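Notes for the structure review
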Amino acid sequence: MNEELLEIARSAGRRAALYVAGARPHGRVDVSSTKSSPTDVVTAIDEACEQLLRSLILRARPDDGFVGEEGDDILGSSDVEWIVDPIDGTVNFVYGLPFYAVSIAAAVNGEVEVGYVMNIANADEFSAIRGQGAWTHTDEGPIRLVAPPVDRLEHALVATGFSYVTATRTKQAAAVARMLPQVRDIRRTGSAALDLCGLAAGSYDAYVEQGLKPWDLAAGGLIAREAGIAVSGIDGIPGERLVMAAHPSVSREFFDLVNACGF
Ligand code: IPD
Ligand code: CA
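The structure reproduced in this document is the subject of the present report. Throughout this description, residue numbers start from 1 for each chain and increase along the sequence as written. Just so you know, chain letters begin at A and ligand numbers begin at 1, following the order they were written in. This being a predicted model, a pLDDT of at least 70 is required before a residue's local features are given, and a value of 80 or more before pairs of side-chain atoms are given or counted; all residues contribute to the totals for chains, interfaces and linings. Derived side-chain values reflect all non-hydrogen atoms in the structure, with water molecules and hydrogen atoms excluded from consideration.

1. Regarding the overall build of the chain
Secondary structure elements follow DSSP: runs of H or I of four or more residues count as helices, runs of E of two or more count as strands, with numbering from the N terminus. Looking only at helices and strands, one finds seven helices and 14 strands in the chain. Atoms counted for the radius of gyration: C-alpha only. Globule rule: 2.2 Å times residue count to the power 0.38. A compact globule built from 263 residues would reach a C-alpha radius of gyration of about 18 Å, and the chain, at 17 Å, matches this within 12%. Over its C-alpha atoms, taken along the principal directions, the chain stretches across nearly 50 × 40 × 35 Å. For every residue, the accessible area obtained with a 1.4 Å probe (protein chains only) is divided by the maximum for its type, and the residue is called buried under 20%, exposed over 50%, and partly exposed between those limits. Relative to its full complement of 263 residues, the chain shows a buried share of 53%. Two residues qualify as a contact provided that any one of their heavy atoms is within 4.5 Å of a heavy atom in the partner residue. Expressed as a percentage of contacts within the chain between residues at least 6 apart in sequence, the contacts between residues at least 24 apart total 57%. Surface exposure of the chain reaches about 11700 Å², of which carbon and sulfur atoms provide 51%. Under the counting rule used here, the positive set is Lys and Arg, the negative set is Asp and Glu, and His together with the chain ends is not counted. Lysine's charge is taken at NZ, arginine's at CZ, aspartate's at CG and glutamate's at CD. For the chain, the separation between the mean place of its 22 positive charges and that of its 36 negative charges on side chains is 4 Å. Using a 1.4 Å probe, accessible areas were evaluated by the Shrake-Rupley method; residue-level cover was limited to the displayed protein chains.

As structure tokens, this is what we get:
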């Protein structure tokens, strides 16, 4: 069944990415409203993309549940729930920075089994099935993702992100400032899903963020894990309070550093 779920995710994700790329005007995209804070923006294209994904996915599997960032949750009657971010990296999308992605996960009985992420700006695709590995897709065919080890924590390139809520990002900035002298460098690209896929692909060595929602984490978290990354959080469970991830060669040390820095 997981192969079927991935095929649905891939087909819907490709259609949605084509829609978003075609709908994006040159220059800045208009913001239609804000959410958790004035900096947490949404565009009409985010909303239309979610509607498109919802109709494509539920047409293929009408009994499934659906949770998306921009719309009301649909409670299904099957074991499967889709967890979808139509555009992860909306601020980049608004400004035209090439890091915004469609992110689709399918959970079966509450466990994420399938993840699919496409960077809409350059059509890079990532996917995973739980227990079967993670893949990126090129014109020559799929390539299995195996995250590379890091020789020492001081050499780790760390991706992170900041909440839209001012009080939370003030604390995050202080924690990142404490971490910066102890690692190679910090990157903040603006899409949690792509940060986690980047970890799987070896573009970063570690990642830490607070405030992620299920649709930011579900697909990318599985892709990172299936590429061999240790993904953790409070009491070992990644979630809104904390997501930390790193190659196992430095994960224990990195998780200790995250705690010591006050995340
Ligand atoms: C955001 C991005 C960003 C992360 C924020 C998310 P959105 O998602 O993933 O990298 O730092 O926490 O909310 O709003 O662009 O879908
Ligand atoms: Ca989003």
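2. Concerning the site of ligand 1
The nearness test applies per residue and asks whether one of its heavy atoms lies within 4 Å of the molecule or strand. Close contacts around ligand 1 come from 16 residues, with Asp 88, Gly 89, Thr 90, Ala 192 and Glu 209 the closest. Taking Arg 188, its side chain carries an N or O atom lying 3.0 Å from an oxygen atom of ligand 1. One nitrogen or oxygen atom from the side chain of Asp 216 is found 3.5 Å from an oxygen atom belonging to ligand 1. In the complex, the protein chains occlude 96% of the 380 Å² of accessible area that ligand 1 would expose alone. A per-element tally of the shell around ligand 1 places strand β4 (residues 80-88) first, with three residues. Domain delimitation follows an automatic or database domain assignment. Shared between two domains, the shell around ligand 1 takes at least three residues from each, and those domains are domain 1 (2-144) and domain 2 (153-261). Distance and chemistry together define a polar contact, namely a pair of N or O atoms within 3.5 Å, with one atom able to donate a hydrogen and the other to accept it when in protein, and with adjacent residues in sequence counting only for side-chain atoms on both sides.

3. Regarding the coordination of the calcium ion (ligand 2)
Ligation of the calcium ion (ligand 2) by protein atoms is provided by Glu 69 (OE), Asp 85 (OD), Asp 85 (OD) and Ile 87 (O), these donors lying 2.2 to 2.9 Å from the ion. Counting the intervening residues between successive donors of the calcium ion (ligand 2) yields the motif E-x15-D-x1-I. Each member of the pair Asp 85 and Ile 87 is classed as buried. Donors, by definition, are the N, O and S atoms found within 2.8 Å of a metal, the threshold being 3.2 Å for Na, K and Ca, and water is not counted, so a site can look incomplete.

4. Quick word on the side chain of Ser 103
You can see Ser 103 is positioned in strand β5 (residues 101-108). Those residues in contact with Ser 103, other than ones at most four positions away along the chain, are Ile 83, Val 84, Asp 85, Tyr 116, Val 117, Ala 193, Trp 215 and Ala 219.

5. Here's the deal with the side chain of Asp 85
With respect to the element layout, Asp 85 can be found in strand β4. Salt-bridge detection follows one rule: a side-chain nitrogen of Lys or Arg within 4 Å of a carboxyl oxygen of Asp or Glu. As a buried residue without a salt bridge, Asp 85 has its nearest oppositely charged side chain in Lys 35, at a separation of 6.7 Å. Of note is the side chain of Asp 85, whose polar atom sits 3.3 Å from the backbone nitrogen of Ile 87. Once residues within four sequence positions are removed from consideration, Asp 85 is found in contact with Glu 69, Ala 101, Val 102, Ser 103, Trp 215 and Asp 216.

6. A word on the sheet that holds strand β8 (residues 133-138)
The sheet built from seven strands is open, its strands ordered β3-β4-β5-β6-β7-β8-β9 with mixed pairing. Each edge of the sheet is formed by a strand with only one pairing partner; in this case those strands are β3 (65-68) and β9 (141-144). On average, each strand axis in the sheet is tilted by 20° relative to the strand beside it, whichever way the strands run. In this analysis, strands are considered paired if DSSP registers two or more bridges between them. As judged from the seven bridges shared by β4 and β5, these two strands associate in the antiparallel manner. Counted as the bridge partner of Val 84 is Ile 104 from β5. Here an angle of 0 to 180 degrees is reported between the N-to-C directions of two axes, which are lines fitted to C-alpha atoms, with helices fitted over the stretch in contact. The strands touched by helix α1 (residues 2-23) within the sheet are β4, β5, β6 (111-119), β7 (124-129) and β8, with β6 carrying the most contacts at an inclination of about 30°.

7. What about the pairing of β6?
Within β6, eight of the nine residues are buried, leaving the element largely enclosed by the surrounding structure. As defined by bridge partners, β5 adjoins β6 across eight bridges and the pair is classed as antiparallel. Within β6, the residue paired with Ser 103 across the bridge is Val 117. Here β6 runs beside β7; their pairing, made up of six bridges, is antiparallel. Counterpart to Val 117 in the pairing with β7 is Phe 126. Between β6 and β7, which pair antiparallel in sequence order, lie four residues; one of them, Ala 123, sits at a positive phi of approximately 65°.

By themselves, these figures tell us nothing about what the structure is for.
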